[in-house]
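Below are the chains, spelled out letter by letter.
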Amino acid sequence: MAVVKEIFKTMFGTLDSPNHSVVSSSAVRKLFTRMDYEERKYEGARWTSTTIPDIEHRTAVSTGFRRLFKYISGHNEKQVRIPMTVPVLTKVEPGDGQTDFMVSFFAPHADQAEGTAQPSDPEVFNNSLPEMTAYVKTFSGYAKDEDWTKQAELLAKSLDNDGKKYHKDFYYTAGYNSPFKPINRHNEVWYIKAE
């Protein structure tokens, strides 16, 4: 029953997500105005993560999601359920022939001060991301590997055209919806501003 409640909440309710403020946004004018990207400042925050070396985003995120979902379902030192949060954040570090992926769940706001329970799985770990500024491009639909790559390339092109300095050796993908939500899906790619 708890799993059904989490799925319902993911589809129709609100879930905790990292605190941020919008610093600026860039709009491209065509027939309609659409957001090209936003610059967001994120507070430092606690996350729970797992790393997966792979060649496909979809496979890595699926493996990482299963590990992390097992953790929040009670496979942790306290054997407690931890509420689902958004986004499912994936750090993508492309390499020669293989890409390193780190899939992460945001720790709920109630657990930010003390942290969540220690994972029982040695491949899952609690970590923190420092305060950071991200350039964020939003898109919709069921994202496939080529969609994530295309959107990251489009964001990089926009940032380069605007003369922005950012870390080019990695980017993040952020998924906000359950696979059971067929419409109004929200996906993002992030590049981190180089200070």
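Residues numbered from 1 in each chain as written. Predicted model: local features only at pLDDT ≥ 70, side-chain atom pairs only at ≥ 80, totals over all residues. Heavy atoms only, no water.

1. Examining the overall build of the protein chain
(1) Moving on: Summing up its helical and strand segments, the protein chain has 3 helices and 9 strands in all.
(2) Moving on: For the protein chain, the α and β elements follow one another from N to C terminus as α-β-β-β-α-β-β-β-β-α-β-β.
(3) Moving on: Every one of the 195 residues in the protein chain was classed for burial, and the buried ones make up 44%.
(4) Moving on: The contacts of the protein chain with a sequence gap of at least 6 include a subset with a gap of at least 24, amounting to 68%. (Helix = DSSP H or I, 4+ residues; strand = E, 2+ residues; numbered from the N terminus. Buried < 20%, exposed > 50% of the residue type's maximum accessible area, 1.4 Å probe, protein only. Contact = heavy atoms within 4.5 Å.)

2. Thoughts on the pattern of salt bridges
(1) Moving on: Tallied over the full model, the rule gives 8 salt bridges.
(2) Moving on: In this structure, K41 engages E131 in a salt bridge whose closest nitrogen and oxygen atoms are separated by 3.7 Å. Here K41, found in strand β2 (residues 33–42), pairs with E131, found in the loop between β6 (124–129) and β7 (132–139); they are 90 residues apart in sequence, far enough to count as distant.
(3) Moving on: The partner of K168 in a salt bridge is D160, and the shortest N-O contact between them spans 3.4 Å.
(4) Moving on: Owing to a relative accessible area of 56%, K168 belongs among the exposed residues under this scheme.
(5) Moving on: Residue class for D160 comes out partly exposed when judged on its relative accessible area of 41%.
(6) Moving on: Each member of the salt-bridge network shares a partner with another, and the members are E38, R40 and E188. (Salt bridge = Lys/Arg side-chain N within 4 Å of Asp/Glu carboxyl O.)

3. Focus on the pairing of strand β3 (residues 45–54)
(1) Moving on: Counting buried residues in β3 gives 7 out of 10 residues, a clear majority hidden from the surface.
(2) Moving on: With 6 bridges connecting them, β3 and β6 associate as antiparallel partners. Bridge assignment links T48 to a residue of β6, and that residue is N126.
(3) Moving on: Relative to strand β5 (residues 99–106), β3 is paired through 8 bridges, and the arrangement is antiparallel. Paired with T51 across the bridge in β5 is M102. (Pairing = 2+ DSSP bridges.)

4. Remarks on the confidence of the model for the protein chain
(1) Moving on: Looking at the protein chain, the pLDDT average stands at 90 and 89% of residues meet or exceed 70.
(2) Moving on: Across residues 29–34, confidence stays below pLDDT 50; counting only partners more than four residues off in sequence or on other chains, it has 6 contacts. (pLDDT = per-residue confidence, 0-100.)

5. Here's the deal with helix α3 (residues 145–161)
(1) Moving on: Between its terminal C-alpha atoms α3 stretches 24 Å, which fits the 24 Å expected from 17 residues at 1.5 Å a residue.
(2) Moving on: Burial in α3 covers these residues: W148, Q151, A152, L155, A156, S158 and L159. One side of α3 carries all its buried residues, which in axial view fall inside an arc of 160°. Summarising the geometry of α3, the exposed residues directed more than 90 degrees from the buried face are E146, E153, K157 and N161.
(3) Moving on: Backbone geometry just downstream of α3 places G163 in the positive-phi region, at approximately 70°. (Expected span 1.5 Å × (residues − 1). Arc of directions from axis to C-beta.)

6. Structural notes on the pairing of strand β8 (residues 171–175)
(1) Moving on: β8 sits mainly inside the fold: 5 of its 5 residues count as buried.
(2) Moving on: Burial along β8 is two-sided: the residues Y171, T173 and G175 and Y172 and A174 are all buried.
(3) Moving on: Where strand β4 (residues 88–94) lies against β8, 5 bridges are found, and the strand directions are antiparallel. Across the sheet, V92 pairs through a bridge with Y171, a residue of β8.
(4) Moving on: Judged from the 4 bridges that link them, β8 and strand β9 (residues 187–192) form a sheet pairing that is antiparallel. Bridge pairing in β9 places Y172 opposite W190.

7. So, the nonpolar core
A general trend in soluble globular proteins is that nonpolar side chains are found buried together.
(1) Moving on: Of all hydrophobic cores here, the largest spans 44 residues; its most connected members are L89, L155, L159, Y172, W190 and Y191.
(2) Moving on: Not counting residues up to four positions away in its chain, the partners in contact with L155 are Y37, Y135, K137, V189, W190 and Y191. (Core = buried A, V, L, I, M, F, W, Y, C linked by side-chain atoms within 4.5 Å.)

8. Quick look at the environment of M102
(1) Moving on: As for its position among the elements, M102 is in strand β5.
(2) Moving on: Residues M102 and G64, 38 residues apart in the sequence, show an inter-C-alpha distance of 7.7 Å.

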